[in-house]
Amino acid sequence: MTDLKLMAELVDAFGVPSEEEEIAKLMKEKLAKMGYKTSIDRIGNVIARSPKAGAHPVMFAAHMDEIGLMVKFITDKGFLRFIKIGGIDNRVLINQRVIVKTEKGKIYGVIGHKPPHLQKKGAESRVPETKDLFIDLGAKSRKEVEKLGIRIGTPVGFDMPLRSLQNGKISAKALDDRVGCYCLLKLAQKAMGLDVVLVGSVQEEVSVFAKGAALSAWNVHPRYFVAVDTSIAGDHPEISEEDVSGVALDKGPVITLVEAASTGNVADRLLRNLVMDVAKKAKIAYQLEVVEGGGTDASTVYNLHGGIPSIAICVPARYIHSNVGVCALKDIEKTNELLLRLAQELDRG
Ligand SMILES: [Zn+2]
């Protein structure tokens, strides 16, 4: 059974790239409580070593950051102009509720837009540029906004809490990759006796170099690396099966063979075969994918220390890189099962 209370806690936590403190604190607390030796490094990664972790443990990493925005300018009348942090389609920004995170706390706002009554003919088919969009806090002046603790560089996230949908589906912001964080915590409960290190990484969404994971993997120097992330499910009217290697919800974890048309990670051959064997033996249905655009934390780690065998195991998700995603609980459960079996198998060698 998926722990929806824990999932809600994870997706609600704030974690726009480079501003991951809230989700990092949550992850660290939960891992420490289970008995892992935890730390947060200078860039913000959460590192949790099991009591059995040796010099070169098996590393499982899920990125904690979520796509978001950052304040670029405060207008005289108290509206916020912003930049995007991570890949976001501007069409999903219009009229969204957002959370502005200051040192003093969270402030709520809305991305404003002209109603259709006032738009020029044909304007509705045009995608607005980021520079034309703004956040409305209900404030009246720059002074008032500054008093709230908002300044240039203040991060902004989406305000979209967890809701259950039909047939064991859930929707929320940041499922990419809080679902991975959830899987990491579930793995942690059962991997105390294994030679593993679990890492909540930062700044995955803003770099093909997966900055946080690369730095932590350099320091940890694992013998294997497994990125736990989300991949795009195509089983809805807008995406054909052919576009996404047939990846769909409810069909189990996805083993990513090639990322970013092979400019990202190419799953290590032996590790790839091992993961498929482990899944077959455990009778866990899985999906395979090769991805043209987009990568995971594995994209950089494979290249460190003369080569660390790396692979990404993903939970399929709809609508990632928007303000809301959809995942299936069944896939999350099956991914957990596969990760545990894999951790047990890799513990032997
Ligand atoms: Zn991701």
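Residues numbered from 1 in each chain as written. Predicted model: local features only at pLDDT ≥ 70, side-chain atom pairs only at ≥ 80, totals over all residues. Heavy atoms only, no water.

Participant: An account of the coordination of the zinc ion is requested, with residue identities and associated values reported.
Facilitator: At the metal site, the zinc ion is ligated by His-63 (NE2), Asp-176 (OD) and Asp-229 (OD), and these contacts range over 2.0 to 2.2 Å. Site description for the zinc ion: donor spacing in sequence, H-x112-D-x52-D. Placement of the pair is His-63 in strand β3 (residues 58-63) and Asp-229 in strand β13 (residues 224-232), with a sequence separation of 166 residues. We classify His-63 as buried; its relative accessible area is 0%. The exposure class assigned to Asp-229 is buried, which follows from its relative accessible area of 4%. (Donors = N, O, S within 2.8 Å, 3.2 Å for Na, K, Ca; no water. Helix = DSSP H or I, 4+ residues; strand = E, 2+ residues; numbered from the N terminus. Buried < 20%, exposed > 50% of the residue type's maximum accessible area, 1.4 Å probe, protein only.)

Participant: Any chance you could break down the sheet that holds β13 for me, citing the residues and the numbers?
Facilitator: With mixed pairing, the eight strands of this open sheet are ordered in space as β1-β2-β12-β3-β13-β16-β14-β15. Of all strands in the sheet, those bounded by a partner on one side alone are β1 (37-40) and β15 (287-290). When the angles between neighbouring strand axes are averaged without regard to direction, this sheet yields 25°. (Pairing = 2+ DSSP bridges. Axes fitted to C-alpha atoms, helices over the stretch in contact; angles between N-to-C directions.)

Participant: An account of the environment of Gln-287 is requested, with residue identities and associated values reported.
Facilitator: By secondary structure assignment, the location of Gln-287 is in strand β15. A sequence separation of 15 residues divides Gln-287 from Tyr-302, and the C-alpha atoms of the two residues are 22 Å apart.

Participant: I'd like a description of the sheet that holds strand β17 (residues 325-328), backed by residues and values.
Facilitator: The sheet built from three strands is open, its strands ordered β10-β11-β17 with antiparallel pairing. A strand with exactly one partner marks an edge of an open sheet, and here the two such strands are β10 (163-164) and β17. Strand direction decides the pairing type here: β10 and strand β11 (residues 169-172), joined by two bridges, are antiparallel. Within β11, the position partnered with Ser-164 by the bridge is Ile-170. Strands in contact with helix α8 (residues 329-347) are β11 and β17; relative to β17, the strand with the most contacts, it is inclined by about 60°. (Contact = heavy atoms within 4.5 Å.)

Participant: How would you explain the packing of aromatic side chains if you had to name every residue and give the values?
Facilitator: Overall, the coordinates contain one aromatic pair when judged by the stated rule. Ring geometry for Phe-79 against Phe-134: centres 5.4 Å apart, planes inclined by 80°, an arrangement best described as edge-to-face. With Phe-79 in the loop between β4 (68-74) and β5 (80-85) and Phe-134 in strand β8 (residues 134-136), this pair connects stretches of sequence that are 55 residues apart. (Phe/Tyr/Trp six-rings, centres within 6.5 Å; stacked < 30°, edge-to-face > 60°.)

Participant: Describe the pattern of salt bridges, listing the residues and the values that go with them.
Facilitator: Counted by the stated rule, this structure contains 13 salt bridges. Between Glu-29 and Lys-25 there is a salt bridge, with the nearest N and O atoms lying 3.6 Å from each other. Taken as a pair, Glu-29 and Lys-25 lie in helix α2 (residues 21-33) at a separation of four residues, close to a single helical turn. A single network of salt bridges, built from pairs that share partners, joins Glu-66, Lys-173 and Arg-178. (Salt bridge = Lys/Arg side-chain N within 4 Å of Asp/Glu carboxyl O.)

Participant: With reference to specific residues and values, describe the layout of surface pockets.
Facilitator: The volume enclosed by the largest pocket comes to roughly 890 Å³. In terms of lining, the largest pocket is formed by 42 residues, of which the most central are Ile-232, Val-291, Gly-293, Gly-294 and Gly-295. Mapped onto the lining of the largest pocket, the elements with two or more residues apiece are β13, β15 and α7 (298-301). Sort the elements by how many residues they give to the lining of the largest pocket and β13 lands first, with four residues. A per-class count over the lining of the largest pocket returns 13 nonpolar, 18 polar and eleven charged. In this structure, the second largest pocket occupies an estimated 370 Å³ of space. (1 Å grid on protein atoms, 1.4 Å probe; cavity = no way out; pocket = protein on both sides within 12 Å on 5 of 7 lines; lining within 4 Å. Points joined across faces, edges and corners; volume = space filled by probe spheres on them. Nonpolar A, V, L, I, M, F, W, Y, C, P; charged D, E, K, R; others polar.)

Participant: Describe the nonpolar core, with residues and values.
Facilitator: What tends to happen in soluble globular proteins is that the nonpolar side chains get buried as a cluster. Ranked by internal contacts, the top residues of the largest apolar core, which has 60 residues, are Met-27, Phe-60, Leu-198 and Ile-332. Counting residues per element, this core draws most heavily on helix α4 (residues 175-190), at nine residues. Apart from residues lying up to four places away in sequence, Ile-332 is in contact with Met-7, Ile-170, Val-179, Tyr-182, Cys-183, Val-315 and Cys-327. With 23 residues, the next largest nonpolar core counts Val-199, Ala-217, Phe-225 and Ala-227 among its residues. (Core = buried A, V, L, I, M, F, W, Y, C linked by side-chain atoms within 4.5 Å.)

Participant: Let's hear about the domain arrangement of the chain: which residues, and what values?
Facilitator: Entries for the chain in the domain assignment read domain 1 (4-66 + 161-347) and domain 2 (76-154). One C-alpha centre belongs to domain 1, the other to domain 2, and the line joining them spans 31 Å. Each side of the interface is counted separately: domain 1 has eleven residues, and domain 2 has eleven residues. Approximately 810 Å² of surface area, both sides summed, lies buried where domain 1 meets domain 2, with 55% of it carried by carbon and sulfur atoms. (Domains from an automatic or database assignment. Buried area = accessible area lost by both parts, 1.4 Å probe.)

Participant: Quick rundown of the side chain of Asp-195? Include the residues and the values.
Facilitator: With respect to the helices, strands and loops of the structure, Asp-195 is situated in the loop between α4 and β12 (196-201). Classification of Asp-195 as buried rests on a relative accessible area of 16%. Within the local environment of Asp-195, its side chain forms a polar contact with the backbone nitrogen of Gly-54, the two atoms lying 2.8 Å apart. Aside from chain neighbours lying at most four places away, what touches Asp-195 is Ser-50, Lys-52, Ala-53, Gly-54, His-56, Pro-57, Val-58, Arg-223 and Asp-347. (Polar contact = N/O pair within 3.5 Å; in protein donor to acceptor, adjacent residues only side chain to side chain.)

Participant: Explain empty space enclosed by the protein to me, using residue names and the numbers behind them.
Facilitator: In this structure the tally under the stated criterion is one cavity of 30 Å³ or more. Roughly 110 Å³ of internal volume is contained in the largest cavity. Considering the residues around the largest cavity, the lining is formed by 14 residues, among which Ala-174, Leu-175, Asp-176, His-321 and Ser-322 are closest to the centre. Split into classes, the residues belonging to the lining of the largest cavity amount to seven nonpolar, three polar and four charged.

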